[in-house]
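Listed below are the residues making up each chain.
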Amino acid sequence: MNAEGRTRLDQMPEWHALAKHREEFGQTHLRRLFADDPGRAERYSVRVGDLYLDYSKHLVTDETLRLLQQLAESAGVFRLRDAMFEGEKINITEDRAVLHTALRTPESATVRVDGENVMPKVHQVLIKMSTFATKVREGHWRGHTGKRIKNVVNIGIGGSDLGPAMAYEALRPYTAREMDFRFVSNVDGADLHEAVRDLDPAETLFIVASKTFTTIETITNAKAARAWLLEGLGGEESAVAAHFVAVSTNAEKVAEFGINTDNMFEFWDWVGGRYSYDSAIGLSLMVAIGPQCFGDMLAGFHLVDEHFRTASPEANAPLLLGLLGVWYGNFHDAQSHAVLPYSHYLSRFTAYLQQLDMESNGKSTEREGRPVNWQTGPVVWGTPGTNGQHAYYQLLHQGTKMIPADLIGFVEPVAELGALRDQHDLLMANLFAQGQALAFGKSEEEVRAEGVSEAQVPHRTFPGNRPTTTILATELSPSVLGQLIALYEHKVFVQGAIWNIDSFDQWGVELGKALAKRLEPALTEGAEVAGLDRSTATLVERYRELRGR
Ligand SMILES: O=P(O)(O)OC[C@H]1O[C@H](O)[C@H](O)[C@@H](O)[C@@H]1O
């Protein structure tokens, strides 16, 4: 037992029951599971809003699901879920509430943090964002020289970049096509250079997005962008006001940077960076898609929040996805999880999920401070199908590693594709075929029956039994995107709750930041860094030598 009186995960009877069940499950093949249970595909599916999830191609039986659900109950997943929605400070290491769900809750609701109902201020900011976005979109917000804004450059990193950048790509058909949107994150000057080199500063608006407004990459890029703007507009400081707005929780730092806090869009410390793109961090996205679509997206998020909060465990989609991940990560030694969207518009989706999942659950300390005794978050990776099929899917099909995967596809191709819509069936046939091949494989007998020479048979055999979830949605609309993201947010939540880690802090990113800060003067001015290890010192010397310093 730990300090809170919770039995440690690996000492829970449900944990042991699952380990035993895993042994008994052995190599039971999906072919067998489907043969024994004709109703499996229908039963192992769940509908949430516009999403249809097929989880029948998983190495589970009713017993597996029952045991996993019992584990969730004993691990306190539902208690922690309710505590999150009620604004309790479940981010214990930072002593903060975790209320991204409030960002998409209707105004009439009451959500309290430290006794204060936060709903009025959430909606005030949304109104301020809408007014601003509409002004820019309609050409009423003018640049310093009176020109209409044609380009919006979001400067931010991590949660202040990945969300809006991902959603902008996902919702391209809904964006103001006459405008250009760019996202700058990397402190490598090449990122900003390539983003602005063909832009007219007089027509360019920078949105500096940073929760803390202290992140070195963002501040460095924002300063460089300001210099670029001033150079382009004749050096008048007063030009900055019409071309720079900020999104932050830190008004003081925004003012210190030189952005008028009237042009600041606020959010709060109870919104984690990687959970923030439906806050003011989504301002660039709102300018791109307009307040109406942004609102539709929030409604999509809210729909899945309500599902997660109220659906029974058997029909609770985020819970199921979270539990399946626990089954593979903790009882099948799976180390990674592939997310494979069959949509070109979801090109940044997996990158976004990497932060969401790996920064949330890449932890090895229990909430009360003890090292965990079990595996936690997986490596999340993937790229859009069908490209991956011609690259790394080989390993998925015939490699030695078990890699559970999500296959995500849409029924309706995007309207503006016109005649190219005809290619959609082929795209989707590939998605379905991959799930089928991964699950059922191709036996030696089937290979032989094709007349393949005996020597070739082992090479051409597909073992199958590789689990996938298929997520089928109607179309990639703003609402559906919100539904999908909320689904993954809550999946990650479920897993963190089971592993008893704080999914809402990110101390693991701090050491590298501090060391970089100490090292920079050594690279630039040759300053001595006390106590530097020999490997790093030699690398720094080599770097300086080659740079001629
Ligand atoms: O929004 P900011 O305060 O600039 O932070 C940007 C990002 O940097 C940090 O290092 C964290 O790892 C991320 O969680 C965060 O999203």
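Calculation rules
Residues numbered from 1 in each chain as written. Predicted model: local features only at pLDDT ≥ 70, side-chain atom pairs only at ≥ 80, totals over all residues. Heavy atoms only, no water. Helix = DSSP H or I, 4+ residues; strand = E, 2+ residues; numbered from the N terminus. Expected span 1.5 Å × (residues − 1). Buried < 20%, exposed > 50% of the residue type's maximum accessible area, 1.4 Å probe, protein only. Contact = heavy atoms within 4.5 Å. Near = heavy atom within 4 Å. Polar contact = N/O pair within 3.5 Å; in protein donor to acceptor, adjacent residues only side chain to side chain. Areas by Shrake-Rupley, 256 points an atom, 1.4 Å probe, with all protein chains shown as cover. Nonpolar A, V, L, I, M, F, W, Y, C, P; charged D, E, K, R; others polar. Axes fitted to C-alpha atoms, helices over the stretch in contact; angles between N-to-C directions. Parallel < 35°, antiparallel > 145°, perpendicular 65-115°, else oblique. Left-handed = near helix turned anticlockwise from the far one by under 90°. Pairing = 2+ DSSP bridges. pLDDT = per-residue confidence, 0-100. Phe/Tyr/Trp six-rings, centres within 6.5 Å; stacked < 30°, edge-to-face > 60°. UniProt positions renumbered as here; feature names shortened; annotations may be inferred. 1 Å grid on protein atoms, 1.4 Å probe; cavity = no way out; pocket = protein on both sides within 12 Å on 5 of 7 lines; lining within 4 Å. Points joined across faces, edges and corners; volume = space filled by probe spheres on them.

Participant: Please give an account of helix α14 (residues 349-361) that cites residues and values.
Facilitator: In this model α14 runs 18 Å from its N-terminal to its C-terminal C-alpha over 13 residues, within 8% of the 18 Å that 1.5 Å per residue would give. Buried residues of α14: F349, T350, Y352, L353, Q355, L356, D357, S360 and N361, and no others. Of the surrounding elements, those touching the buried residues of α14 are α7 (162-170), β10 (336-341), β11 (379-381), β12 (405-410) and α19 (478-499).

Participant: Could you give an account of the site of the ligand, naming the residues involved and the relevant values?
Facilitator: As a matter of local geometry, the ligand sits amid 13 residues, with S160, S210, T212, T215 and E359 nearest to it. A distance of 2.7 Å separates an oxygen atom of the ligand from a polar backbone atom of K211. Q355 is positioned with one of its side-chain polar atoms (N or O) 3.3 Å from an oxygen atom of the ligand. Contact with the protein chains removes 89% of the 390 Å² of surface that the ligand exposes when unbound. The class makeup of the residues in the shell around the ligand is two nonpolar, eight polar and three charged.

Participant: Can you explain the packing of α7 against α14? Please cite residues and give values.
Facilitator: Following both chains from N to C, one finds α7 and α14 inclined at 155°, their axes separated by 9 Å at the closest point. Compared by their axis directions, α7 and α14 come out roughly antiparallel. Once α7 is placed against α14, the crossing between them reads as left-handed. Of α14, the residues touching α7 (which contributes L162, G163 and M166) are F349, A351, Y352 and Q355. Class assignment of the residues belonging to the contact of α7 with α14 gives a composition of five nonpolar, two polar and no charged.

Participant: Give a detailed account of the pairing of strand β1 (residues 45-48), specifying residues and quantitative values.
Facilitator: Pairing of β1 with strand β2 (residues 51-54) involves four bridges; the strand directions are antiparallel. Its bridge partner lying in β2, V46 is registered against L53.

Participant: Quick one: what's the story with the sheet that holds β12, residue by residue and with numbers?
Facilitator: With mixed pairing, six strands are arranged side by side in an open sheet as β1-β2-β13-β12-β10-β11. Each having just a single partner strand, β1 and β11 make up the two edges of the open sheet. Pairs of neighbouring strands in the sheet enclose a mean axial angle of 15°, with direction left out of account. Running at roughly 155° to β12, helix α16 (residues 424-440) makes contact with β12 and β13 (468-473) of the sheet.

Participant: Describe the confidence of the model for the chain, naming the residues involved and giving the relevant values.
Facilitator: Per-residue confidence for the chain gives a mean pLDDT of 97, with 99% of residues at or over 70. Interface confidence for the predicted complex, given as ipTM, is 0.98, next to a pTM of 0.97.

Participant: Pulling in residues and values, what's your account of the packing of aromatic side chains?
Facilitator: With the rule as written, the count across this model stands at 23 aromatic pairs. With 6.1 Å between their ring centres and 80° between their planes, F25 and W327 make a pair best called edge-to-face. Taken together, the residues span a long stretch of sequence, with F25 in helix α1 (residues 13-25) and W327 in helix α13 (residues 317-331) at a distance of 302 residues. Under the relative-accessibility criterion, W327 is labelled buried at 0%. Between the aromatic rings of F349 and Y488, the centroid separation amounts to 5.7 Å while the plane-to-plane angle is 75°, which identifies the pairing as edge-to-face. With F349 in helix α14 and Y488 in helix α19, this pair connects stretches of sequence that are 139 residues apart. Comparing F349 with Y488, the two get one shared label, buried. An aromatic cluster of at least three residues, connected via ring pairs, comprises W15, F25, W327, F331 and W374.

Participant: Please provide a residue-by-residue account of the UniProt feature "active site" (unreviewed entry) in the chain, values included.
Facilitator: Mapped onto the present numbering, the UniProt feature "active site" (unreviewed entry) falls at E359, H390 and K513. The greatest C-alpha distance among the annotated residues, which extend across 155 residues, is 37.0 Å, indicating that they are dispersed rather than converging on a single site. For the largest pocket, the lining residues drawn from the annotated set are E359 and K513. Tracing the backbone shows E359 in helix α14. Classification of E359 by relative accessible area gives partly exposed; the value is 21%. In this structure E359 touches R274, Q354, D505, Q506 and V509, once residues within four positions along its chain are discounted. In terms of polar contacts, E359 uses its side chain to reach the side chain of R274, at 2.9 Å.

Participant: An account of the layout of surface pockets is requested, with residue identities and associated values reported.
Facilitator: Roughly 1300 Å³ of volume is contained in the largest pocket. Only α9 (216-232), α14 and α20 (510-525) provide two or more residues apiece to the lining of the largest pocket. Per-class residue counts for the lining of the largest pocket are 14 nonpolar, 17 polar and eleven charged. Of the volumes computed, that of the second largest pocket is approximately 530 Å³. Lining the second largest pocket are 20 residues, with S343, H344, L417, H424 and L427 positioned closest to its centre. No other element matches the three residues that α16 contributes to the lining of the second largest pocket.

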